[in-house]
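A closer look at the structure
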Amino acid sequence: MERDKAKLILDKDYQISKIDNRIFGSFVEHLGRCVYGGVYDPSHPSADEEGFRQDVIDMVNELNVPMIRLPGGNFVSTYIWEDGVGPREKRPRKPDLAWKSIETNEIGTNELMSWLKKVNAEAMMTVNIGTRGILDALNLLDYCNRSEGTFYSDLRRAHGFKDPYKIKTWAVGNELDGVWQVGQKTPMEYARIARETAKAMKRQDNTIEIVAAASAGMESDTFGEWEQTVLQEGYEFIDYLSLHQYYLNKEKDTPNFLAKTLEFDDYIKSIGSLIDYMKIKNKSKRDIHISLDEWNVWYHNRDKDNQSVKERQEPWPIAPAILEEPYNFEDALVTGAMLIALLRNSDRVKIAAFAQLVNVLAPIMTETGGGIWKQSIFYPIYYSSRYGRGTALQPIIKSPKYDSKDFTDVPFIDAVAVLNEKENEISIFCINKSTEEDILLNCDFKSFGEFEIIEHIALENKDCYAVNTLYAPTKVTPIKKTIPNYTAMDLNFSLGKLSWNMIRLKIK
Ligand code: AHR
């Protein structure tokens, strides 16, 4: 096959799945400056009456994030939720062992739920079953979801929040296989407590859904055994299995970095197969889906941050600037490619969360008390979330391929398409991973009948390492491409070398 030509065939009847909007979710952890100094910054000129930055709220609303995972992450492993509710002046300061910081508890469950309303998102609430346990999960559930008439629901009302939050999605613990967790568990220890917590929580509120933790990643010592044990013990009580995946490019090997999304795709498919196997083994009629509730690129400052947390002496700081990854252009390509994989696996993945949202591993960066800017990764997330809702279509792609350090036969072109039935529009998200060639993508969209091209947006850059900053916020920014002359029988798009693209069509 010629190195500079590829083919994409779409048919509106080749459908993968209806996309669950929660696939465009995100994550806000009490970590670094995500909450304090990011979301919440009472002395900022744009702060509202509750101390939340309006400019952050506006930018989160641009991303149209339907679900946000709270309040951690690793933070949850020593979190006592009761510390963060009630009169602020009485809230205790506590050490957060995960990030060796001081948690002031100025922001707790009620404040975060109020912020979620402002950004039009529902919560995925994570409970601490590592160091607390079943009763703690039940108490928090009662505090949040029951109208009134019990100690915890009346306590919420006494705190000034009359209406229950009716949070639907609850995660039982986070990455409890990890040696870095306070309260680390063996597969069976976790499987048992996750199952019993899920069972009790559902007995208390039968409207909720439960997300159980899979391994922190494929590299975990107990990967495989962990997932199997959790599914074996808890199949009837769990609704989603939580996967996490971050990619690295320490070697600065762009082709290999971009190829890693093949592994991402495989990861999702293998867990999907394991779920199917466990369904048969448990003689179950229920389906369990995937919640890929931490995904992103994470490596620029990772070693430095780990070291600084490890070596930290007293006094521990409040909201230190950690995990503030400066995302470059190639990171945006990987983010775009991970989104393509998520959408293509939308039959399995019903919830996902790009990790995280503000300042920490984030598309949105702020200066505490100062400006705000969009990182490179903001753009693929923005366009996918805005225009990737509907039904995922299965693309047939014929692409030239390359070999990289760890992968063979990597297609240069990767793509997915989404049919938006309401608007009668199709969005095609595609990436050209070639570092050398623009590729002419010949498209066969005959099955759509007559259509018109609305726009072709691209992220392209000569510099893989270009980074947006407060003072140079548009180094990586999308461009509008010229729409080619076309007919339904002759339609070709030029995809720039190393580019992420969105093409939108209106069906007539
Ligand atoms: O997102 C940062 C951290 O990564 C989370 O706290 C943890 O769950 C994961 O290891």
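Residues numbered from 1 in each chain as written. Predicted model: local features only at pLDDT ≥ 70, side-chain atom pairs only at ≥ 80, totals over all residues. Heavy atoms only, no water.

Let us look at a negative patch on the surface. A surface patch of like charges, here negative, comprises Asp4, Glu436, Glu437 and Asp438. Taking relative accessible area as the criterion, Asp4 reaches 30% and is therefore assigned partly exposed. (Patch = residues over 30% accessible without salt bridge, like charges linked within 9 Å, V, L, I, M, F, W, Y side chains within 5 Å. Areas by Shrake-Rupley, 256 points an atom, 1.4 Å probe, with all protein chains shown as cover. Salt bridge = Lys/Arg side-chain N within 4 Å of Asp/Glu carboxyl O. Lys, Arg positive; Asp, Glu negative; His and termini not counted. Charge placed at Lys NZ, Arg CZ, Asp CG, Glu CD. Buried < 20%, exposed > 50% of the residue type's maximum accessible area, 1.4 Å probe, protein only.)

Before going further, it helps to examine the environment of Asn306. For Asn306, the location among the structural elements is in helix α8 (residues 302-310). Residue class for Asn306 comes out partly exposed when judged on its relative accessible area of 41%. (Helix = DSSP H or I, 4+ residues; strand = E, 2+ residues; numbered from the N terminus.)

Take empty space enclosed by the protein next. Following the criterion strictly, the structure yields four cavities of 30 Å³ or more and no others. By volume, the largest cavity amounts to about 80 Å³. For the largest cavity, the full set of lining residues is His30, Leu31, Gly32, Tyr36, Phe75, Asp96, Trp99, Ser101, Ile102, Glu103 and Ala319. Among the elements that line the lining of the largest cavity, the one with the most residues is strand β6 (residues 101-103), at three residues. The residue inventory of the lining of the largest cavity, partitioned by class, reads six nonpolar, three polar and two charged. There is about 50 Å³ of room inside the second largest cavity. Taken together, Gly73, Val76, Ser77, Val127, Asn128, Ile129, Gly130, Gly173, Asn174, Leu176 and Gln181 make up the lining of the second largest cavity. Class assignment of the residues belonging to the lining of the second largest cavity gives a composition of four nonpolar, seven polar and no charged. (1 Å grid on protein atoms, 1.4 Å probe; cavity = no way out; pocket = protein on both sides within 12 Å on 5 of 7 lines; lining within 4 Å. Points joined across faces, edges and corners; volume = space filled by probe spheres on them. Nonpolar A, V, L, I, M, F, W, Y, C, P; charged D, E, K, R; others polar.)

Applying the stated criterion across every chain, the model contains 22 aromatic pairs. For the pair Tyr246 and Trp298, a centre-to-centre distance of 4.9 Å together with 75 degrees between the ring planes defines the contact as edge-to-face. Of this pair, Tyr246 sits in strand β10 (residues 240-247) while Trp298 sits in the loop between β11 (289-297) and α8, and the two are 52 residues apart along the sequence. Tyr246 gets classed as buried once you look at its relative accessible area, which sits at 11%. Taking 6.2 Å as the distance between ring centres and 35 degrees as the angle between the ring planes, the aromatic pair formed by Tyr383 and Trp500 counts as tilted. Of this pair, Tyr383 sits in helix α10 (residues 378-387) while Trp500 sits in strand β25 (residues 499-507), placing them 117 residues apart in sequence. For Tyr383, a relative accessible area of 12% puts it in the buried group. Through a chain of ring-to-ring contacts, the aromatic side chains of Phe378, Tyr379, Tyr382, Tyr383, Tyr387, Phe429 and Trp500 assemble into a single cluster. One Lys or Arg, Arg69, reaches over the ring of Phe27 and ends 4.5 Å from the middle of that ring. The positively charged end of Arg302 is found above the aromatic ring belonging to Trp298, 3.8 Å away from the centroid. (Phe/Tyr/Trp six-rings, centres within 6.5 Å; stacked < 30°, edge-to-face > 60°. Lys NZ or Arg CZ within 6 Å of the ring centre and 35° of its normal.)

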